[in-house]
Structure formats: structure tokens, C-alpha cells
Amino acid sequence: MDRDENPPAGVNPNVPSIARVYDYWLGGKDNFAADREMGDRVKAVVPEMPVMAYHNRLFLRRVVRFLAGEAGIGRFLDLGAGLPTMENVHEVAQKVRPEAEVVYVDNDPVALAHARALLATTGATHVVEGDLYEPEPILAEADSLMGLDQPVAVMMLAMLHFVPDGDAHRIVRTVMDAMPPGSYLVISHIGDTPQLQKAAAFYSASGTGAVLRSPERIAEFLDGLELVPPGAVPLPEWRPDESVPALDRVTGMAATCGVGRKR
């Protein structure tokens, strides 16, 4: 059946979703005509956006391998997780550390439906419906599901640029204050360039405001944490490996990522 004609219950296929636009750029199939239209409109202004999305996914894989391996982290809290397209946090983490637990958090019905399907294959993967503007209930549920008494990797990938300054810093502070020492914060965030400003205008027109920030302002989210080398850097420059395409590496330079450890 045509997915556009048979959306899941509670989903309005005529309203674009950031999670589904991202899925479309990554070559996924869990998106609707409205999502593809918005994705194409943004791509028309910033042709590199799908490649940036791909670099963000490559960063996710590298950083989760580092956290589950070298850093010894066994618990992951993925805020604004989106759709489980390509290799996601639980798949990467559990390849390195089979006992790793993951809590995915989102408010998109399609993202939640697909994430819940993961529970059929692993009892160590949990899904929480939550509003990031109210992090306390999310933290309480994550604590009940996997416990927050041991170091946790908090993932905030490609989501802080959809949150205004005051709320973004409040959310980060509230979440990290609830984490035990030895926990990590992982962020990625698009930058502030003339081209991306045009893309942000499309998001705003759809009802989802985007806040573009300079690399220096993005790095402020990691204030008070011990920066993991190489620090706050463009996406392709965080511990690159053979998975990072050399030819289009420059495309990821407009987005900044970083990892910080709570002392």
C-alpha cells in the first residue's frame, strides 16, 4: 500500500516532520510527500544538506563506537532520536558492548512507532515519548528503565538547532545535572552560513523554527565539561576514519560536533 495514503494512527502526512525529512535525505522510506517536498525545497537552496545529514550519521557511528568501547559507557540516552534509519545508536553500541542499554526519546509518532518495533529484537532498547522542553519526566522514565546511577552518554544530535537559546541551554543543563560523574554529552549542530540561513527560513515557514549558531556558540553547550579531543570541530574532523568520504568531506564543515565528559 502507498504509505502516503495509509499513514499510522495519529500522523498527519500533510505536515512535514524534521525526523522524516532527515530520513528522506538519508535514503529512507519512512516519509511522506510533504516531507519529501520540504526536503527538496531545502536541498534546492542548500544542495549539500543530504550530505551533511550523512556526515552526521557517520559521526554518530564513530562517537558511539568510542563511547561503548574506549570510554566504557553502557547506557545511552538519545534525545530527539528521530527515525531509526541506517545504523542507529543501539545497533552500533551493542556490536561493541552487547549489554549496552539505550533509551530513545522523541515526540514524532512515526519515529516512535518505528523505534518501538526495535523492542521485538532487544529488551535493552527502550522508547520514551517525551517533550524535550520538559526534560524532568523524560529523566524520571529513563531512570526507571535503565537507571541513571552509572555513567550515561547523552546524545543530542542535530536537535539543538531547533531549540531557542534560553530553552536549549536550560535543557542541556537540566539533563547533565541529572547525570552521574563520568557521563558524556554528545552534540552536533548546523552552523550559521548564508546558505543555511535560507534553509532555516524554510523550516520556520513550516512551523519549526531553526536557530543557527556559530561554532563558538555551539561549543558553549559543552561548557563545564571536559572536552574529548579533538574538541568542538566540524563533523568530518571528529576522529575521522575510513568511513568518512574524502571527496565530500568539506560539505560537513558547516556543522559542528563535540563530546564532553562530566567530571
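Just so it is clear, the model here is predicted, and its values are computed rather than measured.

A look at the nonpolar core
Next up, step 1: Ranked by size, the top nonpolar core spans 46 residues in total, and within it Phe 59, Val 63, Val 64, Leu 67, Phe 76, Met 155 and Trp 238 carry the most contacts.
Next up, step 2: Looking at this core, the element that brings in the most residues is helix α3 (residues 49-68), giving 10 residues.
Next up, step 3: Each residue touching Leu 67, except ones within four places of it in the same chain, is listed here: Gly 72, Ile 73, Phe 76, Ala 153, Met 155, Tyr 184 and Val 186.
Next up, step 4: Core analysis: the next-biggest nonpolar cluster, separate from the first, contains 29 residues, Leu 148, Val 152, Val 154 and Met 179 among them.

Describing the pairing of strand β8 (residues 255-261)
In summary, the side chains of a regular strand alternate between the two faces of the sheet.
Next up, step 1: Extensive coverage of β8 is indicated by the burial of 6 of its 7 residues.
Next up, step 2: Here 7 bridges tie strand β5 (residues 184-190) to β8, and the two strands are oriented antiparallel to one another. If you follow Ser 188 over to β8, its bridge partner there is Cys 257.
Next up, step 3: Of the strand pairs in this sheet, strand β6 (residues 226-227) and β8 are connected by 2 bridges, and their pairing is antiparallel. Its bridge partner lying in β8, Glu 226 is registered against Arg 261.
Next up, step 4: Note that strand β7 (residues 233-234) and β8 share 2 bridges and pair antiparallel. Residue pairing for β8: Pro 234 is matched across the bridge by Thr 256.

Describing the layout of surface pockets
Next up, step 1: Its boundaries defined by the atoms lining it, the largest pocket holds a volume of some 1000 Å³.
Next up, step 2: Taken together, 45 residues form the lining of the largest pocket, with Ile 18, Ala 19, Ala 158, Met 159 and Phe 162 sitting closest to its centre.
Next up, step 3: Those elements that provide at least two residues to the lining of the largest pocket are α1 (18-25), α3 and β5.
Next up, step 4: Considering each element in turn, the lining of the largest pocket owes the most residues, 6 residues, to α3.
Next up, step 5: The residue inventory of the lining of the largest pocket, partitioned by class, reads 25 nonpolar, 14 polar and 6 charged.
Next up, step 6: When its volume is computed, the second largest pocket comes out at roughly 180 Å³.

Observations regarding unusual backbone geometry
Next up, step 1: Following Pro 229, the chain continues to Pro 230 via a peptide bond in cis, the omega torsion being 15°.
Next up, step 2: Along the chain, Pro 230 turns up in the loop between β6 and β7.
Next up, step 3: Positive phi, normally seen in glycine, also occurs at Ala 158, with a value near 50°.
Next up, step 4: With respect to the secondary-structure elements, Ala 158 resides in the loop between β4 (153-157) and α7 (165-177).

Some details on the side chain of Asp 78
Next up, step 1: Mapping Asp 78 onto the fold places it in strand β1 (residues 75-79).
Next up, step 2: This buried residue, Asp 78, is left without a salt bridge; Arg 57 holds the nearest opposite charge, at 7.0 Å.
Next up, step 3: Residue contacts for Asp 78: discarding those within four places in its chain leaves Val 89, Val 103, Tyr 104, Val 105 and Met 155.

Quick word on helix α4 (residues 89-96)
Next up, step 1: Listed as buried for α4 are Val 89, His 90, Val 92, Ala 93 and Gln 94.
Next up, step 2: In this structure, the buried residues of α4 make contact with α3, β1, β2 (101-106) and β3 (125-129).

Some words on empty space enclosed by the protein
Next up, step 1: As enumerated under the stated definition, the model contains 1 cavity of 30 Å³ or more in all.
Next up, step 2: Here the largest cavity defines a volume of roughly 30 Å³.
Next up, step 3: Together, Ala 81, Gly 82, Tyr 104, Val 105, Asp 106, Ala 111, Leu 112, Ala 115 and Val 127 line the largest cavity.
Next up, step 4: Secondary-structure elements contributing two or more residues to the lining of the largest cavity are β2 and α5 (109-117).
Next up, step 5: Across the lining of the largest cavity, the residue classes break down as 7 nonpolar, 1 polar and 1 charged.

Calculation rules
Residues numbered from 1 in each chain as written. Predicted model: local features only at pLDDT ≥ 70, side-chain atom pairs only at ≥ 80, totals over all residues. Heavy atoms only, no water. Core = buried A, V, L, I, M, F, W, Y, C linked by side-chain atoms within 4.5 Å. Buried < 20%, exposed > 50% of the residue type's maximum accessible area, 1.4 Å probe, protein only. Helix = DSSP H or I, 4+ residues; strand = E, 2+ residues; numbered from the N terminus. Contact = heavy atoms within 4.5 Å. Pairing = 2+ DSSP bridges. 1 Å grid on protein atoms, 1.4 Å probe; cavity = no way out; pocket = protein on both sides within 12 Å on 5 of 7 lines; lining within 4 Å. Points joined across faces, edges and corners; volume = space filled by probe spheres on them. Nonpolar A, V, L, I, M, F, W, Y, C, P; charged D, E, K, R; others polar. Lys, Arg positive; Asp, Glu negative; His and termini not counted. Salt bridge = Lys/Arg side-chain N within 4 Å of Asp/Glu carboxyl O.

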